[in-house]
Amino acid sequence: NLIKVKSRSWRKTRFFRLNDDCKTMWQQTSKTFKRDSGFLAKKQKYISSVNIQSLNQTKSWIYSCMRKADKNSDNKMTLKELKHFLRQINIEVSDSYAEMLFQKCDTSMSGTLEGSEIKLFYDLLTYRKEVDMIYAKYAHTNGQMSSGDLLNFLQYEQREPVSLEYVQNLIEKYEVDETAKQNKYMSKDGFLMYLNHEECSIFNPAHKGIYQDMRQPLNHYFISSSHNTYLMGDQLKGASSTEAYIKALTKSCRCVELDCWDGANGEPVIYHGHTLTSKVLFKDVIKALKEYAFKVTLWILKTLCVWGFFVYPVILSLENHCSVEQQKIMAYHLTSILGSALLTHPLGDQMPNTFPGPEELKGRFLIKGKRLNKLDAAFNNNTTEDVDSVSEEDEAAEVKEAEQKPKDKSSKKIKLAKELSDLVIYCKSVHFSTFEHSRDNHSFYEMASFKESKAMNLAENSATAFIHHNMDKLSRIYPAGSRTDSSNYNPVPLWNSGCQIVALNFQTPCKEMDLNQARFLPNGKCGYILKPEFQRDPASQFDPKNLSVGPWLQKKTLHLTIISAQQLPKINKDKQTSIVDPLVRVEIYGVPADNASKQTHHIDNNGFNPTWNTNFQFTVHVPELALVRFVVEDYDAASHNDLVGLYTLPFTSMQNGYRHVPLLTKRGSLIPSAGLFVHIMALDAE
């Protein structure tokens, strides 16, 4: 039971139930739209046969809209109510077309639709001409698809190297007609069921789990990383919260940032220093990280509708502004709260010369920060002073420089407690000078943080050298301090240069975060993606700007047809007559030669089932670094187009053939029932 509140005096109890899809709510209401029993029995086959989340949502949504359109609750639909219903489901039609549709369904000529007439109306409304055409092309056995016909479709059209046994399992799983199932046929209803399920999604289901080698050195992976993770909003007055860390972790983040300052009562706090952002206790953040970093709960999986293998290491990037006394408190909280999950010694009994892999570091926390001595001290019992000074030439120093220009280098020093220093194992922060200096003077575990402008300059002018630097060491990139609105930079050029820890403001929904979520969509959403071989091989001379012949050059021609869309959401829900005029834009992000964008024409007044049948062709030179982004917008000639939905994924994770593309909101939530229907063919270019 929930309380609906309209004012201080108006409060009513409403009963809600969470539906089986764990995404949508059902509300008990006195209005019940009468449905034809034969029609309902037919549709119940779907429910009893297989999991039909998307189709069941469609039916529920349409009937919900029908109930709303039935103004007088007489379980009948007049022509006026029909028009109101069409507007609710995002279709604007002329009066003459609405009248024609109404008369076609009003077989009793009673002036209203009821019972079987509503079934006819539903069938006309949900008819998919494009699916009928595909089915007819391959259904060569008495008008139906035999196992052999379906095998032909999968092998030729979908380019899937499957067996007859696999096809028969599909029929068993998705066919809704028992007679067809016994004859090993797939009916049109079963075929539509298959097209709407995971096997026919644009995202390759083989990439949904962990499929990459997770025993390579840590620096051989792109690592999903967050900047100023504690913030829920902007950098000046936004709230700091443990919830922000939990949200980032559930979005596959494996490197979080903690800006640590002296707090009251001897307890360190985390906030954006010298601003009006709120503060959160350091120990509370560590407790939240301990609880959620490696925990996949039913709530996360079902409520947020994500899958994820949150088992690989989490890096805690410390920006340390604390006094020595409170640094010791930080070290105490880290060791006492994280316990054995905190890595406090290099793996093995000898000084390593390279990183361990994510598999070896499973379930462990790594501290990134300053260290008083070399890592060798962990093996030879070298002693250091309990307190010493270290350089502060990193992001913390940049913040300080913005406040006041230091007159001498001594003001760039901070005191560092040995207890905290000793917790830094594989991620020791050092100052970057040049690639040559790093190669000659820094060990593999010594890493630099680059501000956005410096990193972009290196990626633009010294990409090959940057790539080779990242073959040996980790690099962290962070947004410019001027991004007080928590906006983000484009991460793609940094990934092209092999940078692993490309930190973004996770709290800000934007194109850059879409690209980040797409980069880490495959491989179980575990937050680690193995870099291409040409970014790991010391002999490689890969340059993203100058694509000479090499293993990176796997040129593809992408033939893409935007066929149709289904059940696009209304943008202006407050205005009943508002109908979207959708267009679709396809964008490619990767090396400079691959960046491209093309879009369809817009379709007037139809968000329910618009059809484009628009063909695009793209040339992709380095598919292993390319991302493909689908954007659906509501066209507006007078102002900015509004976002309807989007979806982004790696080029190498796309499936060929006829595929459905799910659509997400700008914050990454799935839009139930909405999607694109496309045809994809990625072929080797001549």
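Residues numbered from 1 in each chain as written. Predicted model: local features only at pLDDT ≥ 70, side-chain atom pairs only at ≥ 80, totals over all residues. Heavy atoms only, no water.

A. Local environment of the pairing of strand E23 (residues 611-620). A one-sided burial pattern is seen for E23, the buried positions being Trp612, Thr614, Phe616, Phe618 and Val620 and the unburied ones Thr611, Asn613, Asn615, Gln617 and Thr619. Note: strand E20 (residues 556-566) against E23, 8 bridges, orientation antiparallel. If you follow Leu560 over to E23, its bridge partner there is Phe616. (Buried < 20%, exposed > 50% of the residue type's maximum accessible area, 1.4 Å probe, protein only. Helix = DSSP H or I, 4+ residues; strand = E, 2+ residues; numbered from the N terminus. Pairing = 2+ DSSP bridges.)

B. Highlighting the UniProt feature "binding site: substrate" (unreviewed entry) in the protein chain. Using the residue numbers shown here, the UniProt feature "binding site: substrate" (unreviewed entry) corresponds to Lys368, Lys370, Ser449 and Arg476. For the residues just named, distributed over 109 residues, the greatest C-alpha separation is only 14.2 Å, placing them together at one site. In this structure, Lys370 sits in the loop between strand E12 (365-369) and helix H15 (377-380). Under the relative-accessibility criterion, Lys370 is labelled buried at 13%. By secondary structure assignment, the location of Ser449 is in strand E16 (residues 446-451). When residues no more than four places from it in sequence are discounted, the contact partners of Ser449 are Lys368, Arg476 and Tyr478. At 3.5 Å, the side chain of Ser449 and the side chain of Lys368 are in polar contact. (UniProt positions renumbered as here; feature names shortened; annotations may be inferred. Contact = heavy atoms within 4.5 Å. Polar contact = N/O pair within 3.5 Å; in protein donor to acceptor, adjacent residues only side chain to side chain.)

C. A look at empty space enclosed by the protein. Applying the stated criterion across every chain yields a total of 2 cavities of 30 Å³ or more. Of the pockets and cavities examined, the second largest cavity occupies roughly 30 Å³. As for the second largest cavity, its lining consists of Val430, His431, Phe432, Ser438, His442, Glu446, Met447, Ala448, His469 and Lys473. Looking at which element gives the most residues to the lining of the second largest cavity, the answer is E16, with 3 residues. Here the lining of the second largest cavity is composed, by residue class, of 4 nonpolar, 4 polar and 2 charged. (1 Å grid on protein atoms, 1.4 Å probe; cavity = no way out; pocket = protein on both sides within 12 Å on 5 of 7 lines; lining within 4 Å. Points joined across faces, edges and corners; volume = space filled by probe spheres on them. Nonpolar A, V, L, I, M, F, W, Y, C, P; charged D, E, K, R; others polar.)

D. Quick peek at a nonpolar patch on the surface. Taken together, the side chains of Leu2, Leu18 and Met25 define a hydrophobic patch exposed on the protein surface, amounting to about 300 Å² of accessible area. Its location among the elements puts Met25 in strand E4 (residues 25-27). Exposure remark for Met25: the relative accessible area of 48% places this residue in the partly exposed category. (Patch = residues over 30% accessible without salt bridge, like charges linked within 9 Å, V, L, I, M, F, W, Y side chains within 5 Å. Areas by Shrake-Rupley, 256 points an atom, 1.4 Å probe, with all protein chains shown as cover. Salt bridge = Lys/Arg side-chain N within 4 Å of Asp/Glu carboxyl O.)

E. View of the environment of Asn373. Counting through the fold element by element, Asn373 comes out in the loop between E12 and H15. Overall, Asn373 belongs to the buried group, its relative accessible area being 13%. The spatial distance from the C-alpha of Asn373 to the C-alpha of Asp422 is 8.7 Å, given a sequence separation of 49 residues. In terms of polar contacts, Asn373 uses its side chain to reach the side chain of Arg371, at 3.0 Å.

F. The arrangement of the packing of helix H11 (residues 242-250) against helix H12 (residues 282-292) in detail. Interhelical geometry of H11 versus H12 gives an angle of 25° and a closest axis separation of 9 Å. When the axis of H11 is compared with that of H12, the two are roughly parallel. The interaxial crossing formed by H11 with H12 has right-handed handedness. The residues of H12 that touch H11, namely those facing Thr242, Tyr245, Ile246 and Leu249, are Asp284, Val285, Ala288, Leu289 and Tyr292. Residues belonging to the contact of H11 with H12 are distributed by class as follows: 7 nonpolar, 1 polar and 1 charged. (Axes fitted to C-alpha atoms, helices over the stretch in contact; angles between N-to-C directions. Parallel < 35°, antiparallel > 145°, perpendicular 65-115°, else oblique. Left-handed = near helix turned anticlockwise from the far one by under 90°.)

G. Molecular detail of the UniProt feature "binding site: Ca(2+) 4" (unreviewed entry) in the protein chain. When the UniProt feature table is mapped to this numbering, "binding site: Ca(2+) 4" (unreviewed entry) covers Ile579, Asp581 and Asn605. Spatial clustering of the annotated residues is evident: they stretch over 27 residues in sequence, but the largest pairwise C-alpha distance comes to 6.7 Å. Judged by relative accessible area, Asp581 falls into the buried class, the value being 16%. Leave out the neighbours within four places in its chain, and Asp581 touches His602, Ile603, Asp604, Asn605, Glu633, Asp634 and Tyr635.

H. Main features of the pairing of strand E27 (residues 670-684). Of the strand pairs in this sheet, E20 and E27 are connected by 10 bridges, and their pairing is antiparallel. Note on E27: the bridge partner recorded for Ala565 is Leu676. Here strand E26 (residues 657-664) pairs with E27 via 7 bridges, running antiparallel. By the bridge assignment, Leu664 is partnered in E27 with Leu670. Between E26 and the antiparallel strand that follows it, E27, lie 5 residues; Gly668 among them carries a positive phi value of about 90°.

I. Expanded view of the packing of aromatic side chains. The full count for this structure, using the stated rule, is 24 aromatic pairs. For the pair Phe542 and Trp552, a centre-to-centre distance of 5.4 Å together with 50° between the ring planes defines the contact as tilted. Residue Phe542 is found in the loop between strand E19 (528-530) and E20, and its partner Trp552 is found in the loop between E19 and E20; the two are separated by 10 residues along the sequence. Using a relative accessible area of 0% as the deciding quantity, one classes Phe542 as buried. Among the aromatic residues, those joined into a ring-pair cluster are Tyr135, Tyr138, Phe153, Tyr174, Phe191 and Tyr194. We note Lys6 situated over the ring of Trp10; from NZ or CZ to the ring centre the distance is 4.9 Å. Sitting over the ring of Phe618, Lys598 keeps its end group 5.0 Å from the ring centre. (Phe/Tyr/Trp six-rings, centres within 6.5 Å; stacked < 30°, edge-to-face > 60°. Lys NZ or Arg CZ within 6 Å of the ring centre and 35° of its normal.)

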